[in-house]
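Topology and contacts: notes
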There are 2 protein chains.
Amino acid sequence: MSDEFERWRELGQQMRVDSIRAAAAAGSGHPTSSMSAADLMAVLLAKYLRYDFDQPTEPLNDHLVFSKGHASPLLYALYKAAGAISDAELLSFRKLGSRLEGHPTPGIPWVDVATGSLGQGLPCGVGLALAGKRLDRVPYRVWVLCGDSEMAEGSIWEAFDHAGHEQLDNLIAIIDVNRLGQRGETMLGWDTDAYVRRAQAFGWRAIEIDGHDVGEIDRAYEQALAGDGRPVAIIARTVKGKGVAAVENRNGFHGKPLADPEAAIRELGGPRELTVRASAPAGDAQPHRFETHEAPAASWKVGEEVATRRGFGEALAALAASNDRIVALDGEVGNSTYTELFAAGHPDRYFEMYIAEQQLVATAVGFQVRGWVPFAATFAAFLSRAYDFIRMAAVSRADIRLVGSHCGVSIGEDGPSQMGLEDIAALRAVHGSTVLYPCCANQTAKLVQAMAVQPGISYLRTTRAATPVLYAADEEFEIGGSRVVRSSDRDQVTLVAAGITLHEALAAADELAAEKVAARVVDLYSVKPIDERTLIEAAEATGLIVTVEDHHAEGGVGDAVLEVFADHTSRPRIVTLAVRVMPTSGTPAELLAQAGIDRTHIAQTVRELLPAAGTPTPRPNR
Amino acid sequence: MSDEFERWRELGQQMRVDSIRAAAAAGSGHPTSSMSAADLMAVLLAKYLRYDFDQPTEPLNDHLVFSKGHASPLLYALYKAAGAISDAELLSFRKLGSRLEGHPTPGIPWVDVATGSLGQGLPCGVGLALAGKRLDRVPYRVWVLCGDSEMAEGSIWEAFDHAGHEQLDNLIAIIDVNRLGQRGETMLGWDTDAYVRRAQAFGWRAIEIDGHDVGEIDRAYEQALAGDGRPVAIIARTVKGKGVAAVENRNGFHGKPLADPEAAIRELGGPRELTVRASAPAGDAQPHRFETHEAPAASWKVGEEVATRRGFGEALAALAASNDRIVALDGEVGNSTYTELFAAGHPDRYFEMYIAEQQLVATAVGFQVRGWVPFAATFAAFLSRAYDFIRMAAVSRADIRLVGSHCGVSIGEDGPSQMGLEDIAALRAVHGSTVLYPCCANQTAKLVQAMAVQPGISYLRTTRAATPVLYAADEEFEIGGSRVVRSSDRDQVTLVAAGITLHEALAAADELAAEKVAARVVDLYSVKPIDERTLIEAAEATGLIVTVEDHHAEGGVGDAVLEVFADHTSRPRIVTLAVRVMPTSGTPAELLAQAGIDRTHIAQTVRELLPAAGTPTPRPNR
């Protein structure tokens with residue numbers, strides 16, 4: 001026993017030394033934040049973590065998430081101790097081309113989710129634990145190392161709330177209470193009782209320990225595994241910079257390499273060369289096998305009045321019948337986004353996340369780590385609550401599908417707090433994202449199918465109001481495509497719209513046709529990626545483009561179209577109609593008019609742009 | 001006493017009836033969510049709220065925030081009962097042109113902050129209460145009506161955390177536990193003990209009551225006013241739709257008018273015409289008087305190497321010496337954003353919000369309600385955590401200043417989790433926002449001064465790296481302006497940049513000059529509003545624009561420039577250099593090169609665009 005304790009202490013010292021060495025080699029990093037948690041990770045690796053580092057994709061492996069991602073030197077020191085990386089690679093920390101970045105990313109095979117924006121690792125861990133309990137149904141455990149500073153993030157309490165509610169006793173949060181944040185003491189300092197009370201109030205089991213006593217750590221992990229239906233929080237009182245007097249428990253040493261690493265390493269007893277083989281994953285369990293089945297897709301008759309939000313709900317429910325990887329997550333608005341239709345048919349794959357959008361997205365990120373295909377839906381406006389999680393999901397190389405309903409002023413009476421008017425701008429700016437905005441239920445159904453196999457962050461924007469089905473159920477719609485809904489060989493203007501404004505644009509085109517003005521109408525259902533060819537053809541044919549969107553002017557459909565022509569030889573005149581007012585309450589029709597994006601304003605804009613109705617417009621670029 | 005109780009009950013019934021009438025007149029709205037809280041608001045208005053409805057700007061008025069903004073019919077019924085609005089106006093609810101919108105906004109003089117995105121009213125209330133305690137130092141109280149569904153939002157627990165930590169016993173949260181959310185039961189249902197345990201764990205006093213027993217409500221408010229240093233949560237068990245059997249405690253009636261309003265009103269005993277005069281505000285207290293003083297502004301010598309983030313910190317500290325309305329809020333990174341320099345000089349106006357960006361922004365919103373001028377600073381990347389709060393701050397017509405440091409790949413080794421690469425897109429899309437991106441400390445100082453008097457949401461983007469001071473301390477920089485840093489009468493290309501890339505653009509211009517290629521360089525420090533005239537002049541002079549930004553390609557500087565020329569007669573060729581890769585760790589120089597936005601790539605881009613160096617470029621638009 002005492003030999004074992006001594007080995008664990010030595011392993012902890014080695015990881016401290018290696019954290020200091022990595023940061024010294026990089027000239028930056030967070031050694032002191034690593035040193036406080038070294039003993040906690042040493043015991044975990046040596047005795048409790050069940051993980052085959054040679055098989056990172058083994059479905060029975062435990063999951064280890066560093067929610068305090070800045071302690072990456074410790075994580076990489078652990079990988080070295082586990083024999084997963086060499087000492088030479090450890091010392092490539094933070095260098096260009098090294099997979100050992102300043103904060104962990106899934107560029108490393110043993111990392112599930114990127115961390116570094118605090119308060120996100122634990123919510124993603126909740127998603128992983130929920131998948132283990134309710135989807136994969138295998139006994140892996142999810143170990144999450146949290147910092148004490150990040151306990152101030154509301155997202156941490158969304159995670160505590162959901163883990164307690166879902167009784168995730170396969171989730172163990174290890175809170176490294178080292179008292180010191182980046183700039184000084186945390187709100188609670190070493191008041192570990194306060195953390196215990198909070199964890200218990202959210203339905204967790206809390207175990208308070210000295211995070212440097214390997215015996216107490218061992219007992220805490222052992223108790224944690226005696227699952228009683230509650231997730232476990234190990235509240236570990238630790239010392240930042242533990243083991244090196246120059247920095248130990250002192251403010252002002254966050255996020256810097258040590259001034260004298262050699263002396264510090266000597267003080268810690270010098271380098272060690274211990275390697276530890278982690279325990280094997282639980283071998284007898286049967287991982288989930290995905291299946292596909294024949295099942296009809298949702299479809300509607302042309303001309304039927306169906307809201308695209310409803311089209312999404314029916315399409316997703318139908319798709320789930322054919323593909324058992326599909327899961328749906330609801331932000332307590334399933335009767336508005338219509339995920340409730342999925343819940344009726346597939347309750348086992350439906351997850352109610354309540355009004356907690358950060359946890360909503362984090363759960364989706366956790367699920368896709370396990371190979372599931374999550375669709376997370378709420379109001380488009382409320383996805384802004386999870387924008388940092390969406391940004392980080394891209395860093396995690398996560399494949400998640402987000403659905404935002406109630407976009408734009410066309411929702412009507414509820415007013416601006418409920419209107420998604422920044423969502424296209426925000427989602428377009430996410431690296432590698434896909435932004436889709438259908439105008440008809442059949443089109444929505446095809447795009448939902450496409451999203452299911454689309455990598456990265458894909459976003460579907462749906463409309464509250466019922467709109468007529470425009471396209472036949474057998475028409476195909478690809479990501480990156482568009483549809484010319486109306487055209488002739490004498491078109492004088494191109495109207496580019498999507499979603500609700502596509503219907504307004506068609507009505508405007510009818511008005512103009514009665515005045516002998518031919519307008520081409522392009523349905524830009526794929527805002528990103530965008531169909532450059534069709535837009536360029538339209539520009540060359542008409543020389544004049546009017547974009548119409550139920551979204552603020554910045555970063556939306558108009559900007560996406562402008563980008564196409566920025567450096568192109570034909571640069572048409574482009575007039576962008578968008579929401580430039582602060583909307584109020586009113587009927588959808590009144591608010592579309594108030595914003596100047598309804599049929600009447602579109603038609604009037606074209607009349608003013610064309611010198612004399614009926615005569616072809618001049619081509620400034622020809 | 002029992003007469004008084006009876007009057008309160010009657011007042012509650014009147015507010016139920018009026019909520020039903022308002023929703024019936026509108027054809028939409030949330031009467032059942034209003035009915036559960038009617039008795040709570042009746043007793044508050046009749047006995048405890050200290051408010052002069054004739055003087056909404058009276059600094060000693062209490063503050064009443066409906067965090068459950070969808071209960072707006074109840075709020076408006078309360079205004080009617082207080083004699084503030086007429087019955088006719090009550091019935092204009094949700095109609096175009098009415099100030100009584102679907103969710104409350106400050107278009108109404110008695111509303112401090114817009115609500116409707118749940119979990120935001122309480123955090124804003126924390127800001128109001130904190131201002132009362134530590135800035136205004138007057139004894140108003142802040143009453144916040146919360147729904148039980150919104151208790152699942154992490155932001156609510158950020159608010160609990162901070163209110164407990166700051167000992168805000170002038171804050172009373174009234175939790176309307178009506179058990180039912182939009183689509184079904186809440187996570188905790190009527191488990192009011194769970195709410196009590198959580199509130200207490202965060203340092204609050206919790207009082208559990210029957211929310212329909214006016215005697216218990218009265219006692220609870222009375223106890224709440226006996227301040228003991230803890231904020232108070234009144235956990236009120238209520239019934240959704242209380243008083244009308246057809247909807248009482250039944251699922252499926254959220255957010256709809258009653259099917260038979262006449263029958264419901266009869267069941268409630270018919271309309272009443274009670275009016276109640278709220279108590280007068282605490283009259284003896286002395287509200288804060290703002291003062292200005294002479295004090296030197298921060299300035300630097302041209303050529304000095306100073307990071308703009310440091311320029312911001314010094315400039316804000318200097319400005320605060322001359323203007324005592326200025327307050328600073330830190331997201332636990334004050335040693336990185338340099339708000340720590342403000343803390344040193346003005347500790348009484350410095351607020352540590354720890355790692356809780358939603359509460360950081362909400363506190364700023366609360367402060368500006370009271371006439372203070374808040375600057376809230378964290379990493380640009382982490383402002384994305386508060387995006388929904390920023391969006392709602394615009395609906396609140398709030399004047400707040402946000403500062404995001406560590407923007408772009410130029411931060412270097414820390415990697416993508418710490419890089420603000422979507423912030424310009426996100427902030428530009430906010431209604432009425434201002435987006436500033438300085439390249440030099442003196443310029444930063446001028447922009448900080450301009451932000452202090454700028455209405456709406458203004459955002460300053462600062463850089464981690466030290467860069468040379470370009471402009472003399474006496475140069476003026478206005479919002480909406482730009483600066484032509486280099487030009488000649490034979491310029492062949494215009495480089496448009498800001499912040500770190502402005503320095504790269506100047507270096508590229510030097511390289512090109514050595515090759516006899518004249519490049520105009522525009523410092524676009526004001527991204528929104530944008531200086532159209534200077535850009536158009538440059539376009540007409542050179543016909544070719546290259547934009548360079550340390551931000552993702554969508555929604556940033558490039559799109560802002562494209563918008564200028566969309567519908568302009570001269571439409572130059574525009575090439576946009578931006579971050580189109582997922583960055584990694586590396587040195588700032590390596591990452592600027594990796595993203596193709598460094599001096600070398602800028603110069604090479606120009607070489608490739610100009611047919612033969614030294615000869616003027618063709619003008620496709622002439």
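In this text, all values refer to a predicted model and were calculated from it rather than measured experimentally.

Our next topic: the overall build of chain A. Broken down by element type, chain A carries 23 helices and 19 strands. Its C-alpha radius of gyration of 28 Å places chain A within 12% of the 25 Å reference for a compact globule of 622 residues. With the C-alpha coordinates aligned to their principal axes, the bounding extent of chain A is approximately 95 × 50 × 40 Å. A burial count over chain A gives 69% of its 622 residues as buried. Sequence separation of at least 24 residues holds for 79% of the intrachain contacts in chain A that already meet a minimum separation of 6. Counting every atom, chain A has about 18400 Å² of accessible surface; 48% of that belongs to carbon and sulfur.

All names here are of chain A. Pairing is parallel in the open sheet, where five strands are placed in the order S1-S2-S3-S5-S4. Edge positions in the sheet fall to strand S1 (63-66) and strand S4 (205-210), since each of these pairs with one other strand and no more. Taking the axes of each pair of neighbouring strands and ignoring which way they run, one obtains an average angle of 20 degrees across the sheet. With four bridges connecting them, S1 and strand S2 (residues 142-147) associate as parallel partners.

Bringing the relation of the copies chain B and chain A into the picture now. At an RMSD of 0.0 Å, chain B and chain A line up after a rotation of 180 degrees and a shift of 0.0 Å along the axis. The transformation just described matches what one would write down for a two-fold rotation axis. Of all interface residues in chain B, 100% are interface residues in chain A too; the two copies therefore contact each other through one and the same surface.

A word on the UniProt feature "domain: Transketolase-like pyrimidine-binding" (unreviewed entry) in chain A. The positions that UniProt labels "domain: Transketolase-like pyrimidine-binding" (unreviewed entry) are, in the present scheme, residues 306-469 of chain A. Helix makes up 42% of residues 306-469 of chain A and strand 21%, whereas the separation of the span's terminal C-alpha atoms amounts to 7 Å.

Here we come to the interface of chain B and chain A. Of the residues lining the interface, 98 residues belong to chain B; the matching set on chain A comes to 99 residues. Summing the contributions of chain B and of chain A, the shared interface buries around 8400 Å²; its carbon and sulfur component is 51%. A salt bridge links Arg573(A) to Asp567(B); its shortest N-O distance comes to 2.3 Å. At the junction of chain B and chain A, the tally comes to 57 residue pairs in polar contact (both at pLDDT 80 or more).

Attention now moves to helix H11 (residues 308-322) of chain B. All names here are of chain B. Taking 1.5 Å per residue, 15 residues should reach 21 Å; H11 reaches 21 Å between its end C-alpha atoms and fits that length. Most of H11 sits inside the fold, with 12 of its 15 residues counted as buried. Regarding H11, the residues found buried are Thr 308, Arg 309, Gly 311, Phe 312, Gly 313, Ala 315, Leu 316, Ala 317, Ala 318, Leu 319, Ala 320 and Ser 322.

Looking now at the packing of helix H6 (residues 121-135) of chain A against helix H7 (residues 154-165) of chain A. Residue and element names in this part refer to chain A. H7 packs onto H6 with a crossing angle of 25 degrees between their chain directions and a minimal axis gap of 8 Å. Here H6 is positioned roughly parallel relative to H7, judged by the angle of their axes. Crossing of H6 over H7 shows left-handed handedness. Only Ser 155, Ile 156, Ala 159, Phe 160, His 162 and Ala 163 of H7 make contact with H6, whose side of the interface consists of Leu 122, Pro 123 and Val 126.

Right, let's talk about the pattern of salt bridges for a bit. With the rule as written, the count across this model stands at 80 salt bridges over all chains. With its nearest N and O atoms 3.2 Å apart, the salt bridge here joins Glu476(B) to Lys446(B). Note that Glu476(B) is positioned in the loop between strand S13 (466-468) and strand S14 (483-486) and Lys446(B) in helix H18 (residues 441-452), a separation of 30 residues in sequence. The network of salt bridges with common partners includes Asp18(A), Arg21(A), Lys80(A), Asp87(A) and Glu273(A).

Let's shift gears to unusual backbone geometry. Residues and elements named next belong to chain A. The omega torsion across Lys 528 and Pro 529 is -5 degrees, close enough to zero to call that bond cis. Looking at the element boundaries, Pro 529 is found in the loop between strand S17 (526-528) and helix H20 (532-542). For Gln 167, which is not glycine, the phi dihedral falls at a positive 55 degrees. By the element assignment, Gln 167 lies in the loop between H7 and strand S3 (171-177).

Attention now goes to the environment of Arg599(B). Residues and elements named next belong to chain B. Inspection of the secondary structure assignment puts Arg 599 in helix H23 (residues 599-609). Residue class for Arg 599 comes out partly exposed when judged on its relative accessible area of 36%. For Arg 599 and Asn 249, which are 350 residues apart along the polypeptide, the C-alpha to C-alpha distance reads 66 Å.

All names here are of chain A. Following both chains from N to C, one finds helix H1 (residues 2-26) and helix H9 (residues 214-225) inclined at 100 degrees, their axes separated by 10 Å at the closest point. Classed by the angle they form, the pair H1 and H9 counts as roughly perpendicular. For the pair H1 and H9, contact is made by Phe 5, Trp 8 and Arg 9 and by Val 214, Gly 215 and Asp 218, respectively. When the residues that make up the contact of H1 with H9 are grouped by side-chain class, the tally is three nonpolar, one polar and two charged.

It is worth spelling out the confidence of the model for chain A at this point. All names here are of chain A. Model confidence for chain A is summarised by a mean pLDDT of 96, while 98% of its residues fall at 70 or above. Low pLDDT (under 50) marks residues 613-622, which in the prediction has 27 contacts with non-local residues, meaning those over four places away or in another chain. Confidence estimates for the predicted assembly give a pTM of 0.97 and an ipTM of 0.97.

We now examine helix H20 (residues 532-542) of chain B. One full turn of an α-helix is made of 3.6 residues, so residues set three or four places apart face in the same direction. Residue and element names in this part refer to chain B. Along H20, the residues that are buried comprise Thr 534, Leu 535, Ile 536, Ala 538, Ala 539 and Thr 542. In this structure, the buried residues of H20 make contact with S14, strand S15 (493-497), strand S16 (519-523), strand S18 (544-552) and helix H21 (557-565). In the segment just after H20, Gly 543 is the residue with positive phi, at about 70 degrees.

Cut-off values and rules
- Residues numbered from 1 in each chain as written.
- Chains lettered and ligands numbered in written order.
- Predicted model: local features only at pLDDT ≥ 70, side-chain atom pairs only at ≥ 80, totals over all residues.
- Heavy atoms only, no water.
- Helix = DSSP H or I, 4+ residues; strand = E, 2+ residues; numbered from the N terminus.
- Rg over C-alpha atoms; globule rule 2.2 N^0.38 Å.
- Buried < 20%, exposed > 50% of the residue type's maximum accessible area, 1.4 Å probe, protein only.
- Contact = heavy atoms within 4.5 Å.
- Areas by Shrake-Rupley, 256 points an atom, 1.4 Å probe, with all protein chains shown as cover.
- Pairing = 2+ DSSP bridges.
- Axes fitted to C-alpha atoms, helices over the stretch in contact; angles between N-to-C directions.
- Least-squares fit on C-alpha atoms with pLDDT ≥ 70 in both.
- UniProt positions renumbered as here; feature names shortened; annotations may be inferred.
- Buried area = accessible area lost by both parts, 1.4 Å probe.
- Salt bridge = Lys/Arg side-chain N within 4 Å of Asp/Glu carboxyl O.
- Polar contact = N/O pair within 3.5 Å; in protein donor to acceptor, adjacent residues only side chain to side chain.
- Expected span 1.5 Å × (residues − 1).
- Parallel < 35°, antiparallel > 145°, perpendicular 65-115°, else oblique.
- Left-handed = near helix turned anticlockwise from the far one by under 90°.
- Nonpolar A, V, L, I, M, F, W, Y, C, P; charged D, E, K, R; others polar.
- pLDDT = per-residue confidence, 0-100.

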